Amino acid sequence: METRQGILYGVGVGPGDPELLTIKALRTLERCPVIAAPQTKSGEMLALDIVRQAAPLEDKTILPLFFTMARDKSRQHSAHEAAADAVAQHLQAGRDVAMLNLGDVSIYATFGYIMDILRRRGYAVVMIPGVPSFCAAAARLGITLVRGETPLHIAPATGPIEPMLALPGAKVLMKAGRRLPEVRAALEQTEEFAALVENCGLPGETIYSDLRQAPESVGYFATAIVKER
């Protein structure tokens, strides 16, 4: 009798607050025997730490996945292939795997690369959405992002800053901590509302209702929101 292949579930765990995990995410985690989670060189597994506060994982197999922070595309691809290989071993044995992803699985998600590789190999993949960091940040600031026909622009703070901030409507810069000086410089000639939330939903969360007053250096998980007043 042929063994059933497992299914890969990409589970968005939100930005940090375990109470933002959806019921569907929790039910998926309960159902999957294997939990795959990114692990840093220092051994930190942030997404897993968030989930542990909301769901019992004692009977689960924890599968660490290692990804590089290097910009080199070949090194990134090699890490993605290695992670996909590790997940595929469980899928081939008939075990469903839940891969954790901070925020949502469709927005700048590492999960997307693993999903594409494993789909090409013929494995079934299901996406479980999560709360995006910029939506949680807007809620912490007590603001709406857009109304009516106002456009919303979302970008990682790795590209050109000034063209992004010159766009009409509301702008979200994700992981903006290292680019704060450039963001401030681009905002010098504007009266737009600009705020920053650092470590949204995590220990050490800090809210800057005026981004211009934020310190020169903030953490990696910093979300900037710029919009008309």
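Up top you'll find the structure we're talking about.
Small disclaimer: the values here were computed from a predicted structure and weren't measured.

Calculation notes
Residues numbered from 1 in each chain as written. Predicted model: local features only at pLDDT ≥ 70, side-chain atom pairs only at ≥ 80, totals over all residues. Heavy atoms only, no water. Helix = DSSP H or I, 4+ residues; strand = E, 2+ residues; numbered from the N terminus. Buried < 20%, exposed > 50% of the residue type's maximum accessible area, 1.4 Å probe, protein only. Contact = heavy atoms within 4.5 Å. Pairing = 2+ DSSP bridges. Axes fitted to C-alpha atoms, helices over the stretch in contact; angles between N-to-C directions. Polar contact = N/O pair within 3.5 Å; in protein donor to acceptor, adjacent residues only side chain to side chain. Phe/Tyr/Trp six-rings, centres within 6.5 Å; stacked < 30°, edge-to-face > 60°. Lys NZ or Arg CZ within 6 Å of the ring centre and 35° of its normal. Salt bridge = Lys/Arg side-chain N within 4 Å of Asp/Glu carboxyl O. Patch = residues over 30% accessible without salt bridge, like charges linked within 9 Å, V, L, I, M, F, W, Y side chains within 5 Å. Areas by Shrake-Rupley, 256 points an atom, 1.4 Å probe, with all protein chains shown as cover.

In this structure, what is going on with the overall build of the protein chain? I would like to understand it.
When helices and strands are counted, the protein chain shows 7 helices and 10 strands. If one aligns the C-alpha atoms of the protein chain with their principal axes, the spans along those axes are about 70 × 40 × 35 Å. Across the 229 residues in the protein chain, those meeting the buried criterion constitute 48%. In the protein chain, 66% of the contacts between residues at least 6 apart in sequence involve partners at least 24 apart.

Any chance you could explain the sheet that holds strand β9 (residues 206–208) here in plain terms?
The strands making up a sheet associate through hydrogen bonds between their backbones, and the pairing can be parallel or antiparallel. The strand order β6-β7-β10-β8-β9 describes an open sheet built from 5 strands, whose pairing is mixed. Two strands bound the open sheet, and with one partner strand each, they are β6 (152–156) and β9. Averaged over all pairs of adjacent strands, the angle between their axes in this sheet comes to 15 degrees, without regard to strand direction. Bridge analysis of β6 against strand β7 (residues 170–174) gives 5 bridges, and the strand direction is parallel. Paired with histidine 153 across the strands is lysine 171, a residue of β7. Relative to the sheet, helix α5 (residues 133–141) contacts β6, β7, β8 (193–198), β9 and β10 (222–227), its axis offset from that of β10 by approximately 70 degrees.

Mind showing me how you'd approach unusual backbone geometry here?
A negative phi angle is the norm for most residues apart from glycine, just as the trans form is the norm for most peptide bonds. Positive phi values are uncommon outside glycine, yet tyrosine 108 reaches one of about 45 degrees. Its location among the elements puts tyrosine 108 in the loop between β4 (97–101) and α4 (111–120).

In this structure, what is going on with the environment of valine 87? I would like to understand it.
Topologically, valine 87 is positioned in helix α3 (residues 73–92). Expressed as a C-alpha distance, the spacing of valine 87 and valine 197, which sit 110 residues apart in the sequence, is 33 Å. With residues near it in sequence (within four places) discarded, valine 87 still touches Leu8, Ala36, Leu63, Leu65, Val97 and Leu118.

Explain the environment of leucine 152 here, please?
Considering the arrangement of structural elements, one finds leucine 152 in strand β6. Note on leucine 152: relative accessible area 33%, which makes it partly exposed. Note: C-alpha distance between leucine 152 and alanine 47 (105 residues apart in sequence) is 27 Å.

Sorry, what's going on with the side chain of histidine 153 here?
Structurally, histidine 153 is set in strand β6. Polar contacts involving the side chain of histidine 153 include one to the main-chain carbonyl oxygen of proline 168, which spans 2.7 Å. Ignoring anything within four residues of it in the chain, the contact list for histidine 153 reads Met164, Leu167, Pro168, Ala170, Lys171 and Val172.

What's the story with the packing of aromatic side chains in this structure? I'm lost.
For any pair of aromatic rings, geometry is given as the distance between the ring centres together with the angle between the planes. Summed over the entire model, instances satisfying the criterion amount to 1 aromatic pair. Arginine 31 extends its terminal NZ or CZ atom over the ring of tyrosine 9, reaching a point 5.3 Å from the ring centre.

Quick question: what am I supposed to make of the pattern of salt bridges here?
Close approach of charged atoms lets side chains of opposite charge pair. Under the defined criterion, the tally for this structure stands at 8 salt bridges. Taking the shortest distance from any N to any O, the salt bridge between arginine 184 and glutamate 216 comes out at 3.5 Å. Of this pair, arginine 184 sits in helix α7 (residues 180–187) while glutamate 216 is found in the loop between β9 and β10, placing the two residues 32 residues apart along the sequence. When its relative accessible area of 56% is taken as the criterion, glutamate 216 is described as exposed. Where salt bridges share partners, they join Glu81, Asp85 and Arg121 into one cluster.

Teacher, can you tell me more about the sheet that holds strand β3 (residues 61–66) here?
Within the open sheet, the 5 strands sit side by side as β3-β2-β4-β1-β5. Their pairing is parallel. What marks the edges here is a single partner per strand, and that holds for β3 and β5 (125–128). Each strand of the sheet is rotated relative to its neighbour by a mean of 25 degrees, with strand direction disregarded. By the bridge criterion, 3 bridges tie strand β2 (residues 34–39) to β4 in an arrangement that is parallel. Among the inter-strand pairings, valine 34 is bridged to a residue of β4, identified as valine 97. Across the face of the sheet, α3 comes into contact with β1 (8–12), β2, β3 and β4 while running at roughly 165 degrees to β3.

How do you make sense of a nonpolar patch on the surface when you look at a structure like this?
On the surface, Tyr108, Val146, Leu152 and Ile154 cluster together into a nonpolar patch covering about 310 Å² of accessible area. Looking at the element boundaries, isoleucine 154 is found in strand β6.

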